[in-house]
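Each chain, written out:
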Amino acid sequence: MPVSRTNIGAAFYLRRERRKKIFKLWFGAILIIFIILSAAVAALARAEKFRINLVKVSGNLVLSEKEIVAFAGEILKRSYLGVFPKDNVFIYPEETLVSGLLEKYKRLKSAEISLSDGQVLNIKVEERKPFALWCGAKEPGDADKCFFMDDEGYVFSPAPDFSGSVFFRYYGLIEENPLGRQFLTSQKFENLKFFTEGLKELSLNPVSVFVGEIGVYKAYLRGGGAVIFDESKDFGRLLQDLRLAISGREELKEGDFSDLNYIDLRFGNKIFYKLKN
């Protein structure tokens, strides 16, 4: 007896509905299991024995421990997706804490995070040490507003007013807010430090350097004169030429540069100088 198209369609419809029903049952069961497991994990994550209950700070010299602890506490009191607490010892945001500390406190050179005794968060920091001052884009003046730099030329903190030459001073353009900015590239700053140390060995006694926008530098001396030089030159060679020039001139070789107006090292192996009188 032939099967009618009506019967075939009805059977297909019943099978499809049965599969839908089975799928809904499975989906509902999986969803319920997921919700139960999530609730269990959330409850476990919030258990006090798995929560950070103390933050300790070490290595700080100028920054207060209280301030760093408060900053970490603001991050740890939050939660992931509003469910999982960030102060859980298994899922606390280590990278966020480190990057946040370094971004907020420019004085910090590094920060390390670790756990001890199960629930104690340890923050070990290293602060930048003042090496010199950056005092603005213009040449030295009487009302310079200065900032501390470390030995890599990184500007990290406003500096109080200093009289005399407690710190060596650098002048030159830094775009926008200088805090958290590099004065020069690391290599250029190293070269400049090398050159100024060489001037000190020659008893020229530089107290500040102005870095011009076109690569012309001017080292100001304690006696009031200046040494002008070009960043494109080999600083080691410049110092050698300068040493020879000083030793070959009676008015300079005695080491008293108080009458010196300037020495110009920008013209190859020719050195030009002028005395004040």
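It should be noted that the structure appears before, not after, this text.
Remember, predicted model here, so these are calculated numbers, not experimental data.

Each value, and the rule that gives it
- Residues numbered from 1 in each chain as written.
- Predicted model: local features only at pLDDT ≥ 70, side-chain atom pairs only at ≥ 80, totals over all residues.
- Heavy atoms only, no water.
- Pairing = 2+ DSSP bridges.
- Helix = DSSP H or I, 4+ residues; strand = E, 2+ residues; numbered from the N terminus.
- Axes fitted to C-alpha atoms, helices over the stretch in contact; angles between N-to-C directions.
- Parallel < 35°, antiparallel > 145°, perpendicular 65-115°, else oblique.
- Left-handed = near helix turned anticlockwise from the far one by under 90°.
- Contact = heavy atoms within 4.5 Å.
- Buried < 20%, exposed > 50% of the residue type's maximum accessible area, 1.4 Å probe, protein only.
- Phe/Tyr/Trp six-rings, centres within 6.5 Å; stacked < 30°, edge-to-face > 60°.
- Lys NZ or Arg CZ within 6 Å of the ring centre and 35° of its normal.
- Salt bridge = Lys/Arg side-chain N within 4 Å of Asp/Glu carboxyl O.
- Nonpolar A, V, L, I, M, F, W, Y, C, P; charged D, E, K, R; others polar.

(A) Local environment of the pairing of strand E14 (residues 270-275). Alignment of strand E13 (residues 260-267) against E14, held across 5 bridges, turns out to be antiparallel. Note that in E14 the partner of Leu260 across the bridge is Leu275. In this structure, the hairpin formed by E13 and E14 is closed by a connection of 2 residues, where Gly268 is found at a positive phi of approximately 60°.

(B) View of the packing of helix H4 (residues 186-201) against helix H5 (residues 235-247). At a closest axis distance of 10 Å, the pairing of H4 and H5 adopts a crossing angle of 15°. Classified by the angle their axes make, H4 and H5 are roughly parallel. In the packing of H4 onto H5, the handedness of the crossing is right-handed. Each of Asn191, Leu192, Phe194, Phe195, Gly198, Leu199 and Glu201 in H4 lies in contact with H5, whose residues at this interface are Phe235, Gly236, Leu238, Leu239, Leu242 and Arg243.

(C) Layout of unusual backbone geometry. Although it is not a glycine, Leu81 adopts a positive phi angle of roughly 55°. By the secondary structure assignment, Leu81 is in the loop between strand E2 (79-80) and strand E3 (84-85). On the basis of relative accessibility, which here comes to 80%, the residue Leu81 falls in the exposed class. In this structure, Ser203 is a non-glycine residue whose phi angle is positive, near 65°. Secondary-structure assignment places Ser203 in the loop between H4 and strand E10 (206-211).

(D) The packing of aromatic side chains, seen in detail. The final tally for this structure, using the stated rule, is 15 aromatic pairs. Geometrically, the ring pair formed by Phe267 and Phe272 is edge-to-face, given 5.5 Å between the ring centres and 90° between the ring planes. A network of ring pairs unites the aromatic residues Phe131, Phe168, Tyr170, Phe183 and Phe189 as a single cluster. The ring of Tyr80 carries the charged tip of Lys86 above its face, separated from the ring centre by 5.1 Å. Across from the ring centre of Tyr154, 3.8 Å away, lies the NZ or CZ of Arg128, which sits over that ring.

(E) Molecular detail of the pattern of salt bridges. Under the criterion given, the structure shown has 11 salt bridges. Measuring nitrogen to oxygen at the nearest pair gives 3.5 Å for the salt bridge that ties Lys188 to Glu231. Residue Lys188 is found in helix H4, and its partner Glu231 is found in the loop between strand E12 (226-230) and H5; the two are separated by 43 residues along the sequence. Under the relative-accessibility criterion, Lys188 is labelled partly exposed at 36%.

(F) Up close: the environment of Arg169. Looking at the element boundaries, Arg169 is found in strand E9 (residues 168-172). With 51 residues separating them along the chain, Arg169 and Tyr220 place their C-alpha atoms 9.7 Å apart.

(G) Broad picture of the packing of helix H2 (residues 65-76) against helix H3 (residues 94-104). Contact geometry of H2 with H3 gives a least axis separation of 11 Å together with a crossing angle of 135°. Considered as vectors, H2 and H3 are oriented oblique to each other. Taken as a pair, H2 and H3 cross one another with a handedness that is right-handed. For the pair formed by H2 and H3, the contact residues are Ile68, Phe71, Ala72, Ile75 and Leu76 on the first element and Thr96, Leu97, Gly100, Leu101 and Lys104 on the second. The residue inventory of the contact of H2 with H3, partitioned by class, reads 7 nonpolar, 2 polar and 1 charged.

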